[in-house]
Amino acid sequence: MSFVKIYLHVVWATKKREPFLKKSIRPILFQHILQNAREKGIYVDFINGVEDHIHCLISLGPTQNIANVMQLIKGESSFWANKVELVPEKLTWAEEYFAVSVSESQVDSVRNYIKNQEEHHKKKSFQIECDEFIEKYGFPIADLPSELKE
């Protein structure tokens, strides 16, 4: 048996950053994402977000990779949300996402950051947050999709 604990902080947005994720529907969507992830063997430690994006702390298992996990979470959640008409418009996620590793010593700090998204975004826009992620983690700006450079 392999023992693996790899934490990732992932962030993804609605397509064109549409503010579809109203406060009233977020708990329903987050609960569904948690349940679906559990059924697929994906460990979601913490999830939260605001109108146009979601933050998630995930721990990868020994046979999982970021691309597959994100496809399973994003693809299934938008399919489900549209099937049950959770939002009046069609919910579509942007193709892009941020994913950065989190050391064990920083897990509580990242949980707290994710937990306080509403307060955080009263002071800072998602665009500023994206710019800070790009700078902090050294993502090459030229390689970023236009959706993340807007």
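It should be noted that the structure appears before, not after, this text.
Residues numbered from 1 in each chain as written. Predicted model: local features only at pLDDT ≥ 70, side-chain atom pairs only at ≥ 80, totals over all residues. Heavy atoms only, no water.

Caption draft 1: Up close: the overall build of the protein chain. When you go through the protein chain residue by residue, the secondary structure sums to 6 helices and 4 strands. The C-alpha radius of gyration of the protein chain comes to 15 Å, within 12% of the 15 Å expected for a compact globule of 150 residues. Along the longest, intermediate and shortest principal axes, the C-alpha atoms of the protein chain span 45 × 35 × 30 Å. Taking all 150 residues of the protein chain together, the buried fraction comes to 45%. Residue pairs at least 24 apart in sequence account for 72% of intrachain contacts in the protein chain once pairs closer than 6 positions are excluded. Both charge centroids of the protein chain, one from 19 positive and one from 21 negative side chains, sit 3 Å from each other. (Helix = DSSP H or I, 4+ residues; strand = E, 2+ residues; numbered from the N terminus. Rg over C-alpha atoms; globule rule 2.2 N^0.38 Å. Buried < 20%, exposed > 50% of the residue type's maximum accessible area, 1.4 Å probe, protein only. Contact = heavy atoms within 4.5 Å. Lys, Arg positive; Asp, Glu negative; His and termini not counted. Charge placed at Lys NZ, Arg CZ, Asp CG, Glu CD.)

Caption draft 2: Examining the environment of glutamine 35 more closely. Here glutamine 35 lies in helix α1 (residues 26-39). It is 16 Å that separates the C-alpha atoms of glutamine 35 and leucine 86, two residues lying 51 residues apart in sequence.

Caption draft 3: Structural detail: the pattern of salt bridges. Overall, the coordinates contain 7 salt bridges when judged by the stated rule. Ionic pairing is found between glutamate 118 and arginine 26, a salt bridge with its closest N-O pair at 3.5 Å. Separated by 92 residues along the polypeptide, glutamate 118 in helix α4 (residues 117-123) and arginine 26 in helix α1 bring together distant segments of the chain. On the basis of relative accessibility, which here comes to 35%, the residue glutamate 118 falls in the partly exposed class. For aspartate 45, the salt bridge goes to arginine 111, with nearest N and O atoms at 2.6 Å. Of this pair, aspartate 45 sits in strand β2 (residues 43-50) while arginine 111 sits in helix α3 (residues 107-115), placing them 66 residues apart in sequence. (Salt bridge = Lys/Arg side-chain N within 4 Å of Asp/Glu carboxyl O.)

Caption draft 4: Region of interest: α3. Of the positions making up α3, those classed as buried are Val107, Val110 and Ile114. In a view along the axis of α3, the buried residues occupy a sector of 65°, so they form one face of it. Exposed positions of α3 whose direction lies more than 90 degrees from the buried face are Asp108 and Lys115. Those residues of α3 that are buried lie in contact with β1 (6-14), β2, β3 (53-60), β4 (93-102) and α4. (Arc of directions from axis to C-beta.)

Caption draft 5: Examining the sheet that holds β1 more closely. Spatially, 4 strands are ordered β2-β3-β1-β4 in an open sheet, and the strand pairing comes out antiparallel. Lying at the two open borders of the sheet, with one neighbouring strand each, are β2 and β4. Between one strand and the next, the sheet's axes are offset by a mean angle of 20°, whatever the strand orientation. Here β2 runs beside β3; their pairing, made up of 7 bridges, is antiparallel. Along β3, the bridge assignment pairs valine 44 with isoleucine 58. Here α1 sits on the sheet in contact with β1, β2, β3 and β4, set at roughly 160° to β2. (Pairing = 2+ DSSP bridges. Axes fitted to C-alpha atoms, helices over the stretch in contact; angles between N-to-C directions.)

Caption draft 6: A look at the pairing of β3. Of all 8 residues that make up β3, 8 are buried, and the element is covered over most of its length. Where β1 lies against β3, 8 bridges are found, and the strand directions are antiparallel. In the strand pairing of β3, histidine 9 is matched with leucine 57. Connecting β2 to the next strand, β3, in antiparallel fashion are 2 residues.

Caption draft 7: Seen up close, the nonpolar core. By size, the foremost hydrophobic cluster in this structure holds 26 residues, and its most contacted members are Trp12, Leu29, Val44, Ile54, Ile58 and Ile73. A per-element tally of this core places helix α2 (residues 66-83) first, with 5 residues. Those residues within four positions of isoleucine 58 in sequence are excluded, and the remaining contacts are Ile6, Tyr7, Leu8, Val10, Ile42, Tyr43, Val44, Val69, Met70 and Ile73. Core analysis: the second largest hydrophobic core is formed by 7 residues, Phe126, Cys130, Phe133 and Ile134 among them. (Core = buried A, V, L, I, M, F, W, Y, C linked by side-chain atoms within 4.5 Å.)

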